[in-house]
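# Secondary and tertiary structure notes
The lines below spell out each chain.
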Amino acid sequence: MGLYEDLTRRGLIAQVTDEAEISKMINAGKATFYIGFDPTADSLHVGHFMALCLMKRLQMAGNKPIVLIGGGTGMIGDPSGKSDMRKMLTPETIQHNCDCFKKQMSRFIDFGEDKAIMVNNADWLMSLNYIDVLREVGACFSVNKMLTFECYKQRMERGLTFLEFNYMIMQSYDFYMLFQKYGCNMQFGGDDQWANMLGGTELIRKKLGKDAHAMTITLLLNSEGKKMGKTEKGAVWLDPEKTSPYDFFQYWRNVGDADVIKCMKLLTFIPIEDIEEMERTLQGAELNIAKEKLAYSLTELVHGKEEADKCLEAAKNIFGGGGNSADMPSTEIPAAELEDGAIGILDLLVKTKLAPSKGEGRRLVQQGGISVDDVKITDPNAKIALDNEVVIKKGKKVFHKAVKA
RNA sequence: GGAGGAGUUCCCGAGUGGCCAAAGGGGGCAGACUGUAAAUCUGUUGCUUUUCAGCUUCGAUGGUCCGAAUCCAUCCUCCUCCA
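Numbers given to residues run from 1 along each chain, matching the order in which its sequence is written. Each chain gets a letter, beginning with A, and each ligand a number, beginning with 1, in the order they are written. With the structure being a predicted model, the display of local features is reserved for residues of pLDDT at least 70 and the display and counting of side-chain atom pairs for 80 or more, all residues being used for whole-chain, interface and lining totals. Side-chain calculation: all heavy atoms of the structure are included, whereas hydrogens and water are not.

## Some words on the overall build of chain A
Rules: What counts as a helix is a DSSP run of H or I of at least four residues, what counts as a strand is a run of E of at least two, and both are numbered from the N terminus. Here's how the labels work: a residue is buried when its accessible area is under 20% of the maximum for its type, exposed when over 50%, partly exposed in between, all with a 1.4 Å probe on protein chains only. Two residues form a contact once any of their heavy atoms are found within 4.5 Å. Computed with the Shrake-Rupley method and a 1.4 Å probe, the accessible areas treat only the protein chains shown as cover for residues. His is not counted here, nor are the chain ends, while Lys and Arg score as positive and Asp and Glu score as negative. Working definition for charges: the position is that of NZ of Lys, CZ of Arg, CG of Asp or CD of Glu.
On a plain count of helices and strands, chain A comes out with 18 helices and 15 strands. Referenced to the eigenvectors of the C-alpha coordinate spread, the extents of chain A come out at roughly 80 × 45 × 45 Å. By the burial criterion, 50% of the 405 residues in chain A qualify as buried. Excluding contacts between residues fewer than 6 apart, the proportion of contacts in chain A whose partners are at least 24 apart in sequence is 71%. Approximately 19,600 Å² of chain A is accessible, and the part contributed by carbon and sulfur atoms is 50%. Distance from the positive charge centre (51 side chains) to the negative charge centre (56 side chains) of chain A: 3 Å.

And the structure:
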């Protein structure tokens, strides 16, 4: 089975400009393709992860990836799919974020000799001359046509600044530049990027009379149509400092039944045959097997085998009974903060960040949501003796260890 | 540039002098039910406090008043119509 067929079967491909041509090119490892990343935060998150996986798959098949960091376009902000204007980032922040991206990506992509390159569009966008751009590129875009695109339609209601309106032109220009400088003949991106990407292929055709291709990846949506990889606390990050491997693992362990198989297909490198087999055979509670595989596999990809093993082990210990584990998240409590070797339950909850305030902690206790070493705590004034360590359980599935230090 | 309108808690959105820490909905958290799922039902949802109560919060800053989200002034931001 060719790469393209595998991608199709996994449901990764959303839209393509020329199926036959693209399929032929990537199966043969002839594509030089790029994916753009806007440096809006100092870590990649799950939303970027699919793109990284795709790059990896393609690279393994011999294609050459170009990672385009949007140091220049990041200064504008993509209006697609956003209801409000994004706040502008300072050049310093953008630079910092770019650096962080680079570091994280090298885990997935082999940047070895001629294998892949990383470029920053600030390198050419920043020095552009307004008049030149208008003459050279501006003439190729029809405002009438742009305004008919879905991504702008929504914003026509709420207002769209000229700044944001230009995002598409910048992105098209990127493709045009990459095509000329590196022979980049294909662009990949999220499905919400389709219009922007087509802008690039058209610009190349108009300016150079050559064909370039674009392909979009299915957006990772859950069964309710919401973007995945977001929690109330924010995005699920790939940076272990921002989202601990344990939390990362648990996020995937807890996806809804309806989403497990889809996530496996889209995100993991588990052979498609195996996934389809699971899809056929696993029913109801058995899906937990698949969830565990999903969580393990992704944690392994992002944080390495060692961490993944730890997370799996921790989960087994915690949820399989026992309720103790060396690898559950923990907080050290300095001995100096103990009174007679004990600490008030509310203080403990706040210290371990299980509750943001004492008031909320009190509520949790009163509603029966807190256990310490498997003993339910019902008195907000309870003192917890901390000889060595205790395991605090909040709700059904949040475990945390407090260790005397 | 001119004329109007709007800014309320995580989000949407009520509230036009005291009964307002502020209706309702969404979201979140917890409980029941379960499979670490979904759906449903219940409770809860500014901070401190056992209680009483205190403190901070309705775009910003000043003011009127015993008392202001609510009235006045100035400023900031956004929207609509006209140019």
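## Details of the sheet that holds strand 2 (residues 32-37)
Pairing between sheet strands relies on hydrogen bonds along the backbone, with the strands arranged either parallel or antiparallel. To be explicit about the condition: Whether two strands pair comes down to DSSP finding at least two bridges between them. A fitted line through C-alpha atoms serves as each axis, taken over the contacting stretch for helices, and the angle formed by two N-to-C directions is quoted from 0 to 180°.
Strand order in the open sheet formed by six strands is 1-6-5-2-3-4, and the pairing between neighbours is mixed. Only two strands of the sheet have a single partner each, and these edge strands are strand 1 (13-16) and strand 4 (117-120). Within this sheet the neighbouring strands show an average axis-to-axis angle of 25 degrees, counted without direction. Sheet topology note: the strand 5 (residues 186-190)/strand 6 (residues 213-217) ladder contains five bridges and is parallel. By the bridge assignment for strand 6, Gly-189 is matched with Thr-216.

## Let's talk about the packing of helix 15 (residues 287-303) against helix 16 (residues 305-319)
Rules: Definitions for this section: a left-handed crossing has its near helix turned counterclockwise from the far helix by less than a right angle. A right-handed crossing has that turn clockwise.
With their axes 7 Å apart at the nearest point, helix 15 and helix 16 run at an angle of 145 degrees to one another. Remark: the crossing between helix 15 and helix 16 carries right-handed chirality. Where helix 15 abuts helix 16, its residues Glu-292, Tyr-296, Thr-299, Glu-300 and His-303 lie against Lys-305, Glu-307, Ala-308, Asp-309, Cys-311, Leu-312 and Lys-316.

## Regarding the pairing of strand 5
Worth spelling out the cut-off: Think of it like this: strands point away, you trace from the first strand over the helix to the second, and a clockwise trace means the crossover is right-handed.
Across the five residues that make up strand 5, a large majority, four, are buried. Judged from the three bridges that link them, strand 2 and strand 5 form a sheet pairing that is parallel. Opposite Tyr-34, over in strand 5, you have Gln-187 as the bridge partner. One crossover worth recording links strand 5 to the parallel strand 6 by way of helix 11 (residues 194-208), and it is right-handed.

## Brief notes about the protein's contact with RNA strand B
Rules: One heavy atom within 4 Å of a molecule or strand is enough for the residue carrying it to be called near that molecule or strand. Under the rule applied, a polar contact is a pair of N or O atoms within 3.5 Å (in protein, one hydrogen donor and one hydrogen acceptor; residues adjacent in sequence only if both atoms are side-chain atoms). Gly counts as polar in this scheme, as do all residues outside two lists: the nonpolar Ala, Val, Leu, Ile, Met, Phe, Trp, Tyr, Cys and Pro, and the charged Asp, Glu, Lys and Arg.
The environment of RNA strand B is made up of 27 residues, and the closest members are Asn-254, Asp-257, Gly-359, Arg-363 and Lys-397. Sugar plus phosphate, as a fraction of atoms of RNA strand B within 4 Å of the protein: 65%. One of the side-chain nitrogen or oxygen atoms of Lys-291 is found 3.1 Å away from a base nitrogen of RNA strand B. Those elements that place two or more of their residues in the surface near RNA strand B are helix 12 (245-253), helix 15, helix 16 and helix 18 (358-366). Here the surface near RNA strand B gets five residues from one element, more than from any other, and that element is helix 18. Split by residue class, the surface near RNA strand B holds five nonpolar, eleven polar and eleven charged.

## A short note on the packing of aromatic side chains
The cut-off we apply is this: Ring pairs are drawn from Phe, Tyr and Trp, using the six-membered ring of Trp, whenever the two centres fall within 6.5 Å, and their geometry is named by plane angle: stacked under 30 degrees, edge-to-face over 60, tilted for the rest.
In total, this model carries seven aromatic pairs according to the counting rule given. Ring plane angle 65 degrees and centroid distance 5.6 Å describe the contact between Tyr-34 and Phe-175, whose orientation is recorded as edge-to-face. Taken together, the positions of Tyr-34 in strand 2 and Phe-175 in helix 10 (residues 167-182) put the pair 141 residues apart, joining distant regions of the chain. One exposure class covers both Tyr-34 and Phe-175, and it is buried. With a centroid separation of 4.9 Å and an interplanar angle of 90 degrees, the aromatic rings of Tyr-251 and Trp-252 are classed as edge-to-face.

## Here's the deal with helix 15
Quick note on the threshold: What a helix should span is 1.5 Å times the count of its residues minus one.
Over its 17 residues, helix 15 extends 24 Å from the first C-alpha to the last, a length consistent with the 24 Å expected when each residue adds 1.5 Å. Among the 17 residues in helix 15, twelve count as buried, and that is most of the element. Residues of helix 15 that are buried in the fold lie against helix 3 (46-60), helix 12, helix 13 (257-267), helix 14 (272-281) and helix 16. One or two positions beyond helix 15, positive phi appears at Gly-304, with a value near 100 degrees.

## So, the sheet that holds strand 15 (residues 398-404)
Taken together, five strands build an open sheet; the order of strands is 9-15-14-11-12 and the sheet is mixed. Sheet topology places strand 9 (330-333) and strand 12 (375-376) at the edges, where each strand pairs with a single neighbour. Bridging between strand 11 (residues 370-372) and strand 14 (residues 389-394) involves three bridges; their strand directions are antiparallel. Its bridge partner being in strand 14, Val-372 is matched across the sheet by Ile-392.

## Here we look at the state of the cysteines
The following threshold applies: Two cysteine sulfurs form a disulfide in these notes if their separation is within 2.5 Å.
Applying the stated rule across the entire model yields zero disulfides. The thiol sulfur of Cys-184 is not disulfide-bonded, and the nearest other cysteine sulfur, from Cys-98, lies at 18 Å. With a relative accessible area of 0%, Cys-184 lands in the buried category. Here Cys-311 is not cross-linked by a disulfide; its sulfur's nearest cysteine counterpart is in Cys-263, at 17 Å.

## Brief notes about the nonpolar core
Nonpolar side chains tend to gather and get buried jointly when the protein is soluble and globular. Selection criterion: The definition of a nonpolar core used throughout is a set of buried Ala, Val, Leu, Ile, Met, Phe, Trp, Tyr and Cys residues joined through side-chain atoms within 4.5 Å.
Grouped together as the largest cluster of nonpolar side chains are 66 residues, with contacts concentrated most on Ile-26, Phe-37, Phe-49, Leu-220, Trp-252 and Leu-267. With nine residues, the top contributor of residues to this core is helix 3. Not counting residues up to four positions away in its chain, the partners in contact with Phe-49 are Phe-108, Leu-238, Leu-267, Leu-298, Leu-301 and Val-302. The next biggest cluster of nonpolar side chains, apart from the first, holds 30 residues, and it includes Met-168, Phe-175, Leu-203 and Ile-204.

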